[in-house]
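Structural overview
If you want the building blocks of each chain, they are given just below.
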Amino acid sequence: MLTRIRRIQGQAQALERALEAEHDCAAILQQLAAVRGAVNGMIFEVLEGHVRTHLGEGTAGGQAREDDVDLVLSVMRSYMK
C-alpha cells in the first residue's frame, strides 16, 4: 500500500510540474489518466482486502463462498475499468 501511495504522490507531483510548465492538454490528460488509474488500483486493493477479510471468512460453504467472493471481485474489477 505504501508503494502505491508513493507512486501516486510522484504522479501528482509530475502533474503539478506539467501544469506549472503549461504543458499541452494532451500531456495533462495523460498524466491525469495515470493518476486516476493508480488511485483506482489502490481503491480496488483496499476493497479486495475488505471483501476477502470480512465477507469471505468463517462462514459455511467453503469453496462455494470463495467462488462467490471471486465473482464479486471480478464484477468490481470490471466496473472500475
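Parameters and conventions
- Residues numbered from 1 in each chain as written.
- Predicted model: local features only at pLDDT ≥ 70, side-chain atom pairs only at ≥ 80, totals over all residues.
- Heavy atoms only, no water.
- UniProt positions renumbered as here; feature names shortened; annotations may be inferred.
- Helix = DSSP H or I, 4+ residues; strand = E, 2+ residues; numbered from the N terminus.
- Buried < 20%, exposed > 50% of the residue type's maximum accessible area, 1.4 Å probe, protein only.
- Core = buried A, V, L, I, M, F, W, Y, C linked by side-chain atoms within 4.5 Å.
- Contact = heavy atoms within 4.5 Å.
- Patch = residues over 30% accessible without salt bridge, like charges linked within 9 Å, V, L, I, M, F, W, Y side chains within 5 Å.
- Areas by Shrake-Rupley, 256 points an atom, 1.4 Å probe, with all protein chains shown as cover.
- Salt bridge = Lys/Arg side-chain N within 4 Å of Asp/Glu carboxyl O.
- Expected span 1.5 Å × (residues − 1).
- Arc of directions from axis to C-beta.

- Looking up the protein chain in an unreviewed UniProt entry gives the name Metal/formaldehyde-sensitive transcriptional repressor, with the organism given as Delftia acidovorans.
- Turning to the protein chain, the UniProt annotation filed under Sequence similarities (unreviewed entry) states: "Belongs to the FrmR/RcnR family."

Describing unusual backbone geometry
- One non-glycine residue, Glu-22, lies in the positive phi region at around 55°.
- Within the fold, Glu-22 resides in the loop between helix H1 (2–20) and helix H2 (25–55).
- The class of Glu-22 is exposed, set by a relative accessible area of 71%.

Here's the deal with the nonpolar core
- Ranked by size, the top nonpolar core spans five residues in total: Phe-44, Val-51, Val-69, Leu-73 and Met-76.
- Going through the elements one at a time, H2 and helix H3 (63–80) are the ones with two or more residues in this core.
- Looking at this core, the element that brings in the most residues is H3, giving three residues.
- Beyond its immediate stretch of four places on either side in the chain, Leu-73 contacts Phe-44, Glu-48, Val-51 and Arg-52.

Topic: a nonpolar patch on the surface
- Residues Val-39, Ile-43 and Leu-47 make up a contiguous nonpolar surface patch of roughly 200 Å² in combined accessible area.
- Here Leu-47 is to be found in helix H2.
- Note on Leu-47: relative accessible area 34%, which makes it partly exposed.

As for the side chain of Gln-11
- Note that Gln-11 resides in helix H1.
- On the basis of relative accessibility, which here comes to 16%, the residue Gln-11 falls in the buried class.
- Setting aside residues no more than four positions away along its own chain, Gln-11 makes contact with Gln-31, Ala-34, Val-35 and Ala-38.

Considerations on H1
- With 19 residues, H1 ought to run about 27 Å at 1.5 Å a step, and its terminal C-alpha atoms sit 27 Å apart, in line with that.
- Those residues of H1 lying buried are Ile-8, Gln-11, Leu-15 and Ala-18. End-on view of H1: buried residues confined to an arc of 80°, all on one side of the axis. Among the exposed residues of H1, those oriented more than 90 degrees off its buried face are Leu-2, Thr-3, Arg-6, Arg-17 and Glu-20.

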